[in-house]
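# Working through the structure, step by step
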Amino acid sequence: MNNVCEEKTFSSVFESNSKTIFNYIYYKYGNEEKAHDAVQEAFVKLWENCAKVTPEKAKSYLYTVANNLYLNVLKAEKVRLKHADRHSNTVSNESPEFVLEEKEFQKRLDEAINALPENQRTTFLLNRIDGKKYAEIAEMEGVSIKAIEKRMHLALKALRDKIEGI
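Residues numbered from 1 in each chain as written. Predicted model: local features only at pLDDT ≥ 70, side-chain atom pairs only at ≥ 80, totals over all residues. Heavy atoms only, no water.

## Structural notes on the overall build of the protein
Stated precisely, the cut-off is as follows: Strands are runs of DSSP state E lasting at least 2 residues, helices are runs of H or I lasting at least 4, and numbering of each runs from the N terminus. Burial status follows relative accessibility: with a 1.4 Å probe on protein chains alone, a residue under 20% of its type maximum counts as buried, one over 50% as exposed, and anything between as partly exposed. Two residues form a contact once any of their heavy atoms are found within 4.5 Å. A 1.4 Å probe and the Shrake-Rupley method give the accessible areas. Residues count as covered only by the protein chains that appear here.
What the protein contains, in helices and strands, is seven helices and zero strands. The order of α-helices and β-strands along the protein, N terminus first, is α-α-α-α-α-α-α. Looking at the protein residue by residue over its 166 residues, the buried ones come to 37%. When contacts within the protein are restricted to residue pairs at least 6 apart in sequence, long-range pairs at least 24 apart make up 67% of them. For the protein, the exposed area adds up to about 10500 Å²; of that, 51% sits on carbon and sulfur atoms.

## Here we look at a negative patch on the surface
Short version of the rule: Distance thresholds for patches are 9 Å for like charges and 5 Å for nonpolar side chains (Val, Leu, Ile, Met, Phe, Trp, Tyr), applied to residues having over 30% relative accessible area and no salt bridge. A carboxyl oxygen of Asp or Glu within 4 Å of a side-chain nitrogen of Lys or Arg is what we treat as a salt bridge. His is not counted here, nor are the chain ends, while Lys and Arg score as positive and Asp and Glu score as negative. By convention, charge coordinates are those of NZ in Lys, CZ in Arg, CG in Asp, or CD in Glu.
A contiguous patch of negative charge on the surface is contributed by Glu33, Asp37, Glu41 and Glu48. Relative to the elements of secondary structure, Glu41 occurs in helix 2 (residues 32-48). By relative accessible area, Glu41 is classed as partly exposed at 37%.

## Quick word on the packing of helix 6 (residues 134-141) against helix 7 (residues 145-162)
Here is the rule: The axes are straight lines fitted to the C-alpha atoms, using for helices just the contacting stretch, and the angles between their N-to-C directions are given from 0 to 180°. An angle below 35 degrees is read as roughly parallel, one above 145 as roughly antiparallel, one from 65 to 115 as roughly perpendicular, and any other as oblique. Each residue is assigned to one class: nonpolar for Ala, Val, Leu, Ile, Met, Phe, Trp, Tyr, Cys and Pro, charged for Asp, Glu, Lys and Arg, and polar for all the others, Gly among them.
Contact pair helix 6 / helix 7: the axes reach a minimum separation of 8 Å and the direction vectors enclose 105 degrees. By the angle class used here, helix 6 and helix 7 are roughly perpendicular. Here Tyr134, Ala135, Ile137, Ala138 and Glu141 of helix 6 come into contact with helix 7, specifically with Ile145, Ile148, Glu149, Arg151 and Met152. Class assignment of the residues belonging to the contact of helix 6 with helix 7 gives a composition of seven nonpolar, no polar and three charged.

## Points about the state of the cysteines
As a reminder of what qualifies: In this description, a disulfide is simply a cysteine sulfur pair whose atoms lie within 2.5 Å.
Counted by the stated rule, this structure contains one disulfide. One disulfide in the model links Cys5 with Cys50; its S-S distance is 1.9 Å. Note on the Cys5 and Cys50 pair: the S-S dihedral is about 95 degrees, so by sign convention the disulfide is right-handed. Highlighted residues: Cys5 in the segment before helix 1 (7-29) and Cys50 in the loop between helix 2 and helix 3 (55-76), separated in sequence by 45 residues.

## So, the confidence of the model for the protein
Worth spelling out the cut-off: Every residue gets a pLDDT, meaning the predictor's confidence in that residue, from 0 to 100.
In the predicted model, the protein carries a mean pLDDT of 81, and the fraction of residues at 70 or more is 83%. Low pLDDT (under 50) marks residues 77-90, which in the prediction has 27 contacts with non-local residues, meaning those over four places away or in another chain.

## A word on helix 5 (residues 118-128)
Where burial is concerned, most of helix 5 is hidden: eight out of the eleven residues are buried. When helix 5 is considered as a whole, its buried residues turn out to be Gln120, Arg121, Thr122, Thr123, Phe124, Leu125, Leu126 and Asn127. On its buried face, helix 5 sits against helix 1, helix 4 (96-115), helix 6 and helix 7.

## Quick look at the packing of helix 5 against helix 6
This is how the line gets drawn: Should the near helix be turned anticlockwise from the far one by less than a right angle, the crossing is left-handed, and should it be turned clockwise, the crossing is right-handed.
It is the contact of helix 5 with helix 6, at a shortest axis distance of 10 Å, that shows an interaxial angle of 140 degrees. Overall, the two elements helix 5 and helix 6 adopt an arrangement that is oblique. For helix 5 against helix 6, the interelement crossing comes out right-handed. Together, Thr122, Thr123, Leu126 and Asn127 of helix 5 and Tyr134, Ile137, Met140 and Glu141 of helix 6 make up the contact between the two elements. Split by residue class, the contact of helix 5 with helix 6 holds four nonpolar, three polar and one charged.

Spelled out as structure tokens, the structure:
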């Protein structure tokens, strides 16, 4: 039987999926440490069940396990997304007023994204930050592409309502 027990196959599955699964969980948890833990635990479970999982099903298996881990944590605590400061501390030729306006806009944007329902926030960030296509997000979330289109539409509408200029 074709499975992921072979170290080379397992490593290949890890290399091609770990970063995306990390981002997926990070957008849900909003916590890097928990995202790392969930990814690590998902891959441990994959290794423990490697004889039952084909390489073609490994990606789907990992997302399902990672999402279930997320749902278990969600029951135990309230989730609050914190965005990493996406601007490095580089010297800028911009005026202090411009820099202040930009920081204020970024703060308003982060607050607006945080205020989105979890499924809309995850869809928005996977699409706009990671560049995932709707079909990929639908597969990760286990829903139809139409559902993802609807989430994205609602997320963009909510963000436009909260922040002028988007």
